[in-house]
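Reading the structure
Each chain is listed here by its residues.
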Amino acid sequence: MSTGLEGIVAAETVLSHVDGERGELVLRGLRLEEAARLEFEEVTALLWQGFAPEADASDALAERLGQARLVAFAMAEPLLPAASRLTPVEGLRLLLSAIPDAEETPHHLMAVAAVPVFAAALGRIAAGDAPVPPDPALRTAEDFLAMLHDRTPSADHARALETYLITVADHGLNASTFAARVIASTRAGLFSSVVGALCALKGPLHGGAPGPVLDMLDEIGGEESIAGWIEGEIAAGRRLMGFGHRVYKVRDPRADVLRGVVRPLSSPRVAFAEKVEAAAIAALERAKPGRNLQTNVEFYTALALEAVGIPRPLFTPVFALGRMAGWTAHVLEQEQTGRLLRPLSRYTGPAVRVAAE
Ligand SMILES: CC(C)(COP(=O)(O)OP(=O)(O)OC[C@H]1O[C@@H](n2cnc3c(N)ncnc32)[C@H](O)[C@@H]1OP(=O)(O)O)[C@@H](O)C(=O)NCCC(=O)NCCS
């Protein structure tokens, strides 16, 4: 038994491979560094290939996603007052839950189309603005930014976000994907599976870290405080957000792809963040020698999302927007090839006794 399920293989998948020793992520035969040069719709199509007929042409897929975004917008409107009383990620959980299992649009398509619409509307409401409807002619990343900011994004920003979405599109049997596959294995349906996945993603040990990364940079404040702040956190037994990973024991390749994205965006944070990064890695090596605690995806995610103008409470919903490509592919794969997931537990409770009369 292993309490964190480390080292346990619980599924076979053709979708992605995380090589933690070599620091490599492969998406259906493509290294992340290559996949990151494609469009998000192409990567989604790649993941769906063999599981969904819509995967055959990514142009047609982009068009169908655009149409489905319109359906999602109409669906969200009556629920927005209730969703606006929640945080954006809770609002996203509510709106995704509200998509009926009887929805006519293929469910994997609807799920990928719905997240940018819901997340942008929730972001606008949180800022006191009215939601902006989708433009079905745009690609996912561009339309998300257009809906969120009510203006056409620069090509640089749209491409930076698109690269981010690809970077997080799939990542082996991470906690949220595992949750999705467990639910899919019961045949509860795709929407239930991805709502479960979103709930798992929401936790700070999984997808909730990039907001705290910026909080950390804010708290540190200036270069002169970096070393003292980091030592203080480690001495207090707290974890530095954006460092360490369950599987990668060398650098997380996604951190490097995203560093390449943020550097040209001339965000004032980047140079400072790189100094914090270097100091954190050195301090973690001193505190936990041999553990090789390195920068993970969340560190540069925080910088990339901030640079394209996404507010912190929307970070996890935007993560969900990219990861939805992977979740839906895993659900389709699980439904096609998987078996009901039903592990065992070891009982450590009291010995059997006769109940008092
Ligand atoms: C991601 C994470 C949960 C992986 O954890 P894990 O595989 O369970 O690693 P462990 O808890 O076994 O950590 C190994 C040791 O390093 C320490 N450690 C791990 N990440 C650390 C961090 N970010 N800061 C300080 N110490 C850390 C642990 O406290 C542990 O020390 P111990 O053995 O003395 O108790 C963990 O690294 C973490 O909490 N990171 C910060 C949150 C984060 O960035 N999450 C996003 C992940 S993509």
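Residues numbered from 1 in each chain as written. Predicted model: local features only at pLDDT ≥ 70, side-chain atom pairs only at ≥ 80, totals over all residues. Heavy atoms only, no water.

Considerations on the pairing of strand β1 (residues 16–19)
Across four bridges, β1 lies against strand β2 (residues 24–27) in antiparallel orientation. Residue Ser-16 lies in a different strand from β2, and its bridge partner there is Leu-27. Turn length for the β1-β2 hairpin, with the two strands adjacent in sequence and antiparallel, is four residues, and the turn residue Gly-23 shows positive phi of about 70°. (Pairing = 2+ DSSP bridges. Helix = DSSP H or I, 4+ residues; strand = E, 2+ residues; numbered from the N terminus.)

Focus: the pattern of salt bridges
Tallied over the full model, the rule gives 21 salt bridges. Its salt-bridge partner being Glu-223, residue Lys-275 comes within 3.4 Å of it at the nearest N-O pair. Placement of Lys-275 in helix α14 (residues 269–287) and of Glu-223 in the loop between α11 (210–220) and α12 (226–235) is noted, with a sequence separation of 52 residues between them. Overall, Lys-275 belongs to the partly exposed group, its relative accessible area being 40%. Across the pair Arg-259 and Asp-256 runs a salt bridge whose closest N-O atoms are separated by 3.7 Å. Taken together, the positions of Arg-259 and Asp-256, both in helix α13 (residues 253–262) and three residues apart, correspond to about one turn of that helix. Here the residues in one salt-bridge network are Asp-215, Asp-218, Arg-269, Glu-306 and Arg-312, joined through shared partners. (Salt bridge = Lys/Arg side-chain N within 4 Å of Asp/Glu carboxyl O. Buried < 20%, exposed > 50% of the residue type's maximum accessible area, 1.4 Å probe, protein only.)

Brief notes about the layout of surface pockets
Each pocket or cavity is described by its volume, and for the second largest pocket that value is around 260 Å³. Lining of the second largest pocket is provided by Met-1, Ser-2, Leu-5, Ile-8, Val-9, Ala-10, Phe-178, Val-182, Leu-341, Arg-342, Pro-343 and Leu-344. A per-class count over the lining of the second largest pocket returns 10 nonpolar, one polar and one charged. (1 Å grid on protein atoms, 1.4 Å probe; cavity = no way out; pocket = protein on both sides within 12 Å on 5 of 7 lines; lining within 4 Å. Points joined across faces, edges and corners; volume = space filled by probe spheres on them. Nonpolar A, V, L, I, M, F, W, Y, C, P; charged D, E, K, R; others polar.)

A few points about the domain arrangement of the protein chain
Here the protein chain is partitioned into domain 1 (16–205 + 312–337) and domain 2 (210–307). Once you take the C-alpha centre of each, domain 1 and domain 2 turn out to be 26 Å apart. Every contact between the two is made by 25 residues of domain 1 and, on the other side, 25 residues of domain 2. Carbon and sulfur atoms make up 72% of the area that domain 1 and domain 2 hide from each other, which totals about 2,000 Å². Of all residues in domain 1, Tyr-164, Arg-312 and Phe-315 bury the most surface against domain 2, accounting for 32% of the area lost on that side. The interface formed by domain 1 and domain 2 holds two salt bridges in total. (Domains from an automatic or database assignment. Contact = heavy atoms within 4.5 Å. Buried area = accessible area lost by both parts, 1.4 Å probe.)

What to know about a positive patch on the surface
A cluster of basic side chains, namely Arg-239, Lys-249, Lys-288 and Arg-291, defines a positive patch on the protein surface. Within the secondary structure layout, Lys-288 lies in the loop between α14 and α15 (297–307). (Patch = residues over 30% accessible without salt bridge, like charges linked within 9 Å, V, L, I, M, F, W, Y side chains within 5 Å. Areas by Shrake-Rupley, 256 points an atom, 1.4 Å probe, with all protein chains shown as cover. Lys, Arg positive; Asp, Glu negative; His and termini not counted. Charge placed at Lys NZ, Arg CZ, Asp CG, Glu CD.)

Comments concerning unusual backbone geometry
For Asp-150, which is not a glycine, the phi torsion comes out positive at approximately 55°. Topologically, Asp-150 is positioned in the loop between α7 (140–149) and α8 (155–167). The exposure class assigned to Asp-150 is partly exposed, which follows from its relative accessible area of 49%.

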